[in-house]
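Structural features, examined
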Amino acid sequence: MTSDLRPQDLESNVRSLSRIVGGGYKGFWNSKDLYVVCKGSKGSKKSKTQALKIVYNMMKPCYELANTLVVRKIGKTIRNTCFTEVRWAIEALGVRELWKVNSSEMKIEYLPTGQVILFAGMDDPLKLASLTVLRGHLCWVWFEEASDFSNYDDVLKLMMSIRGQLPPGYYKQFTFTFNPWSEHHWLKKEFFDKERDDAYVCTTTFRDNEFLGADDIKRYYDLYKNSPRMARIICDGEWGVAEGLIYDNWIEEDFDLGEVMAKHPDAKPSFGLDFGYSISFNAFVAILVDLKDREMWVYDEYYANGQSNIDLAKQIISMGYGKEEIWADAAEPKSIDEMSKGFDEVTYDENNQPIINHYQLPRIRPALKGADSVQNGIQRIQSFRMHIHPRCINTLIELNNYAWDVDKDGNFIDKPIKEWDHIMDAIRYATTKFYIRGKGHVVEVKGLELLEAPSGPAVDKPRKSRRVITVGAK
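Residues numbered from 1 in each chain as written. Predicted model: local features only at pLDDT ≥ 70, side-chain atom pairs only at ≥ 80, totals over all residues. Heavy atoms only, no water.

1. Overview of a negative patch on the surface
There is a patch of like negative charges on the surface, built from Asp123, Asp124, Asp254, Asp256 and Glu259. Among the secondary structure elements, Asp256 is positioned in the loop between strand E9 (250-252) and helix H11 (257-263). (Patch = residues over 30% accessible without salt bridge, like charges linked within 9 Å, V, L, I, M, F, W, Y side chains within 5 Å. Areas by Shrake-Rupley, 256 points an atom, 1.4 Å probe, with all protein chains shown as cover. Salt bridge = Lys/Arg side-chain N within 4 Å of Asp/Glu carboxyl O. Lys, Arg positive; Asp, Glu negative; His and termini not counted. Charge placed at Lys NZ, Arg CZ, Asp CG, Glu CD. Helix = DSSP H or I, 4+ residues; strand = E, 2+ residues; numbered from the N terminus.)

2. Observations concerning the sheet that holds strand E12 (residues 295-304)
Ordered in space as E9-E17-E12-E11-E10-E13-E16, the seven strands form an open sheet in which the pairing is mixed. Only two strands of the sheet have a single partner each, and these edge strands are E9 and strand E16 (364-366). Between one strand axis and the next, the sheet turns by 25° as a mean value, whatever way the strands run. Pairing of strand E10 (residues 268-274) with strand E13 (residues 326-328) involves three bridges; the strand directions are parallel. (Pairing = 2+ DSSP bridges. Axes fitted to C-alpha atoms, helices over the stretch in contact; angles between N-to-C directions.)

3. Some remarks on empty space enclosed by the protein
Using the criterion set out here, one finds one cavity of 30 Å³ or more in the structure. Around the largest cavity, the lining residues are Gln50, Lys53, Ile54, Asn57, Thr68, Trp140, Val141, Trp142, Tyr171, Gln173 and Thr175. Elements that contribute at least two residues to the lining of the largest cavity include exactly helix H4 (46-58), strand E6 (137-144) and strand E7 (173-178). Counting residues per element, the lining of the largest cavity draws most heavily on H4, at four residues. Split by residue class, the lining of the largest cavity holds five nonpolar, five polar and one charged. (1 Å grid on protein atoms, 1.4 Å probe; cavity = no way out; pocket = protein on both sides within 12 Å on 5 of 7 lines; lining within 4 Å. Points joined across faces, edges and corners; volume = space filled by probe spheres on them. Nonpolar A, V, L, I, M, F, W, Y, C, P; charged D, E, K, R; others polar.)

4. Things to note about the layout of surface pockets
One way to see where empty space is left: roll a probe the size of a water molecule over the atoms. Volume-wise, the second largest pocket comes out at about 540 Å³. Of all the elements in the fold, those that place two or more residues in the lining of the second largest pocket are helix H6 (125-129) and helix H7 (152-161). Of all the elements, H7 adds the most residues to the lining of the second largest pocket, at four residues. When the residues that make up the lining of the second largest pocket are grouped by side-chain class, the tally is eight nonpolar, four polar and nine charged.

5. Some words on the environment of Ile397
Inspection of the secondary structure assignment puts Ile397 in helix H15 (residues 393-399). Distance in space between the C-alpha atoms of Ile397 and Ile423 is 9.7 Å, their sequence separation being 26 residues. The contacts of Ile397, once residues within four sequence positions are left out, are Trp181 and Trp420. (Contact = heavy atoms within 4.5 Å.)

6. Quick notes on the sheet that holds strand E4 (residues 107-110)
Strand order across the open sheet formed by eight strands is E3-E4-E5-E2-E6-E7-E1-E8, with mixed pairing between neighbours. Lying at the two open borders of the sheet, with one neighbouring strand each, are strand E3 (99-102) and strand E8 (199-204). Sheet twist, expressed as the average angle between the axes of neighbouring strands with direction ignored, equals 15°. Of the pairings in the sheet, the one linking strand E2 (residues 66-72) to E6 comprises six bridges and is parallel in character. In the sheet register, Leu69 faces E6, and the bridge partner there is Val141. Contacts between H4 and the sheet are confined to strand E1 (35-40), E2, E3, E4, strand E5 (115-121), E6, E7 and E8, with E6 contributing the most and set at about 170° to the helix. Its contacts with the sheet put helix H5 (residues 82-92) on E2, E3, E4, E5 and E6, and the angle it makes with E4 is roughly 25°.

7. Details of the packing of helix H12 (residues 309-318) against helix H13 (residues 333-341)
At their nearest, the axes of H12 and H13 sit 10 Å apart, and the two run at 55° to each other. Judged by the inter-axis angle, H12 sits oblique to H13. At the point where H12 passes H13, the crossing takes the right-handed sense. Residues Asn309, Leu312 and Ala313 of H12 touch H13, and the partners they reach there are Ser335, Glu338 and Met339. When grouped by side-chain class, the residues that make up the contact of H12 with H13 number three nonpolar, two polar and one charged. (Parallel < 35°, antiparallel > 145°, perpendicular 65-115°, else oblique. Left-handed = near helix turned anticlockwise from the far one by under 90°.)

Structural data, given as structure tokens:
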């Protein structure tokens, strides 16, 4: 590449750095320690600050041989998270013409020197093992959402593979940014419970992000009132305290669904959906249940808030579950009815011709509920050994925080706290086609006469019953 693209004076060729980065991260930004560990609340700008730091430092002439690796636990989550954050940082610094984005290879190249930022998931060990840089050295590694990495040995192996002597003036650095979901995480033991002279450790909160709007800040303060345990983590960046956990008979396990089904031919899939919107989350879960051996595998999930029903339906369909029988929260009959009837979404092509796409969950139905349905559902799930696939990150987070409530004297009571319960509820709904009968034997309900009739019309209901949504204008 030609060197004339390099800024002659970096400070004068990017927009005001202090205005873009803001305050609260001086130590984080300037640290050259081997480890930089930042736990923080949601919206504390830790990821954006790290993205800016990577782009800015790689453009410095003194680091023209430095390359960066960005890692998340699950590779498919990278594109819409840290890959997008780095692209945002390039735009924010006003240096887009100096960088080449390769979305197919998940690589971003600094054109003046050929330095690269590589992106990979820990779930693809072959790709990680084959990562190489053509020029210079792999100096910096960013572990984004580091609390998702439950196995310290896997992280250690990757760090040990980043070896080799660096030129004078260069330094190796492993950065961890994360939300502190559980106090039992190895990150706490390794970096917060002991003094280290090779690590810069910090905690940041949404109060360190001066770029938040008034509506964003209001949501944080609402969380203090509505979900104080959740606010401890999401607002204050403090460790999740795991006391009185409801489920303990589970393991995180990287299983192959086909192999599991071959070994357990009688196991049956089921699907659950819990509705949310602003603070609460929409939570969809796919499970496989072996009634005889009391084994349950959680193999897929979806977790998001602020979504309309059509967007939620489109997501479930895109995951390949649109035709499955989905057991949803019976307290949302309107949402179930809408999804059952379906949506016609009208868009327009480049010639202004209408394109009609139909999105429907024809087999969605209300989950069976009765007296003490929450306690009975919990009891039902507690009778199984649960295997959680590593891709189901939010299931793991909730299992580490879903706990029994306490009375005024601090004693646990037979009632769960209404926090960290979205996927937990979805799993309960997914098991409503299974019942505990007789002397604790779990049997599958036979026939639909024992089940509530599905809400909404059949698949071949006339299209006039469907909701029509127009995107854009003709």
